[in-house]
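Structural overview
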Amino acid sequence: MKGSTGTLVIWIILIIFLVILFFLYNQLEDEDYLHLGTNAPMPTELHPIVEERKNILVEQVSDININIVITEEIRTFEEQDQLYEQGRTTDGNIVTNARGGESYHNYGLAIDYALENEAAKIIWDVQYDGNNNGKSDWFEVADIAKELGFEWGGDFRNFRDYPHLQMTFDLSLRQLQSGIRPSSQ
Ligand SMILES: [Zn+2]
C-alpha cells in the first residue's frame with residue numbers, strides 16, 4: 001500500500017511538472033508574436049515584410065520584362081463586406097467568399113496583382129505572354145512570389161484566386177480575429 005501511494009505521488013509530481021513545462025513552452029512560443037489579446041488595434045497598412053516583398057516582387061518581375069500592378073492591398077472590414085456582396089446582392093461576378101475579418105487583406109497580409117500589357121493597360125489574362133518566353137506571365141509572377149514567401153491564391157483548393165498573394169506568418173484567420181498579430185520583425 002505504502003509503495004503504491006509513493007508511486008502515485010511521484011506520478012502526480014511528474015504530471016504537475018509536465019503541465020508547468022507545457023505552459024512555459026507556450027509562453028515562449030507566444031513571444032514570436034506580438035500577442036495583443038482580443039480587440040488588438042487593426043493595422044492600417046501592409047505588414048512591413050509584406051510591403052518589402054511586394055516591392056521586391058515588382059522589381060524582380062520587371063527584370064524579366066513583366067510589368068505588374070498591385071491592384072489591392074489592405075482592405076477594411078467594411079470594404080470586405082461590400083466586396084462580398086458583389087455578385088450576390090450587387091452587380092458583378094463573385095470575387096470572394098470572405099466577409100469582413102475573413103480575409104488576410106483585412107490584416108495587411110495580402111496583396112492582389114494584375115498584369116500591365118504593352119499598351120499600359122491592366123489585364124487579368126492568365127494566358128498572356130508579353131515577354132515572349134513561351135510561359136504565361138501570370139504564372140511566372142506567381143512562381144517568383146512563392147519564392148519570396150507568398151502563398152498564391154491560384155493554389156487554393158476551394159476558390160482559386162489567381163490575383164491573390166498572402167503571407168500568413170502561420171497565423172490562422174481565427175487567431176487574427178482574436179487579436180493576435182505577427183510581429184513586425
Ligand atoms: Zn486578394
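Rules and cut-offs
- Residues numbered from 1 in each chain as written.
- Predicted model: local features only at pLDDT ≥ 70, side-chain atom pairs only at ≥ 80, totals over all residues.
- Heavy atoms only, no water.
- Salt bridge = Lys/Arg side-chain N within 4 Å of Asp/Glu carboxyl O.
- Helix = DSSP H or I, 4+ residues; strand = E, 2+ residues; numbered from the N terminus.
- Buried < 20%, exposed > 50% of the residue type's maximum accessible area, 1.4 Å probe, protein only.
- Domains from an automatic or database assignment.
- Contact = heavy atoms within 4.5 Å.
- Polar contact = N/O pair within 3.5 Å; in protein donor to acceptor, adjacent residues only side chain to side chain.
- Axes fitted to C-alpha atoms, helices over the stretch in contact; angles between N-to-C directions.
- Parallel < 35°, antiparallel > 145°, perpendicular 65-115°, else oblique.
- Left-handed = near helix turned anticlockwise from the far one by under 90°.
- Nonpolar A, V, L, I, M, F, W, Y, C, P; charged D, E, K, R; others polar.
- Core = buried A, V, L, I, M, F, W, Y, C linked by side-chain atoms within 4.5 Å.
- Donors = N, O, S within 2.8 Å, 3.2 Å for Na, K, Ca; no water.
- Phe/Tyr/Trp six-rings, centres within 6.5 Å; stacked < 30°, edge-to-face > 60°.
- Lys NZ or Arg CZ within 6 Å of the ring centre and 35° of its normal.

Brief notes about the pattern of salt bridges
- Per the stated rule, a full pass over the model turns up six salt bridges.
- Its salt-bridge partner being Lys 54, residue Glu 73 comes within 2.8 Å of it at the nearest N-O pair. Here Lys 54 lies in helix α2 (residues 48-63) and Glu 73 lies in the loop between β2 (67-72) and α3 (77-85), a separation of 19 residues in the sequence.
- We classify Glu 73 as partly exposed; its relative accessible area is 28%.
- Through salt bridges with shared partners, one network takes in Glu 51, Lys 54 and Glu 73.

Focus: the domain arrangement of the protein
- Entries for the protein in the domain assignment read domain 1 (2-31) and domain 2 (48-182).
- Each of domain 1 and domain 2 has a C-alpha centre, and these two points are 46 Å apart.

Notes on the environment of Lys 146
- Relative to the helices and strands, Lys 146 is located in helix α4 (residues 137-147).
- The contacts of Lys 146, once residues within four sequence positions are left out, are Trp 152 and Asp 155.
- At 2.9 Å, the side chain of Lys 146 forms a polar contact with the side chain of Asp 155.

Re the packing of α2 against α4
- At their nearest, the axes of α2 and α4 sit 10 Å apart, and the two run at 135 degrees to each other. With respect to each other, α2 and α4 are oriented oblique. Here α2 runs over α4; the crossing is right-handed. Touching Leu 57, Gln 60 and Val 61 of α2 are Val 141, Ile 144 and Ala 145, all from α4.
- Split into classes, the residues belonging to the contact of α2 with α4 amount to five nonpolar, one polar and no charged.

Considerations on the nonpolar core
- Counting 30 residues, the largest nonpolar core has Leu 57, Ile 68, Tyr 113, Leu 115, Val 141, Phe 150 and Leu 165 as its most contacted members.
- Broken down by secondary-structure element, the contributors of at least two residues to this core are α2, β3 (110-116) and α4.
- Residue contacts for Val 141: discarding those within four places in its chain leaves Leu 57, Val 61, Ile 66, Ile 68, Tyr 113 and Leu 115.

Focus: the coordination of the zinc ion
- For the zinc ion, the full set of protein donor atoms is His 105 (NE2), Asp 112 (OD) and His 164 (ND1), at a range of 2.0 Å.
- One chain supplies every donor for the zinc ion, spaced along it as H-x6-D-x51-H. Placement of the pair is His 105 in the loop between α3 and β3 and His 164 in strand β6 (residues 164-166), with a sequence separation of 59 residues.
- For His 105, a relative accessible area of 1% corresponds to the buried category.

A word on the packing of aromatic side chains
- Evaluated as defined, the whole model comprises six aromatic pairs.
- Both rings, one in Phe 22 and one in Phe 23, keep their centres 6.0 Å apart while their planes meet at 75 degrees; by these two values the pair is edge-to-face.
- Across from the ring centre of Tyr 84, 3.9 Å away, lies the NZ or CZ of Arg 88, which sits over that ring.

Thoughts on unusual backbone geometry
- Phi angles above zero are rare outside glycine, and Asn 65 is one such case at about 60 degrees.
- Within the secondary structure layout, Asn 65 lies in the loop between α2 and β2.
- Its relative accessible area of 61% is what places Asn 65 among the exposed residues.
- Unusually for a residue other than glycine, Asn 132 sits at a positive phi of about 50 degrees.
- As for its position among the elements, Asn 132 is in the loop between β4 (122-123) and α4.

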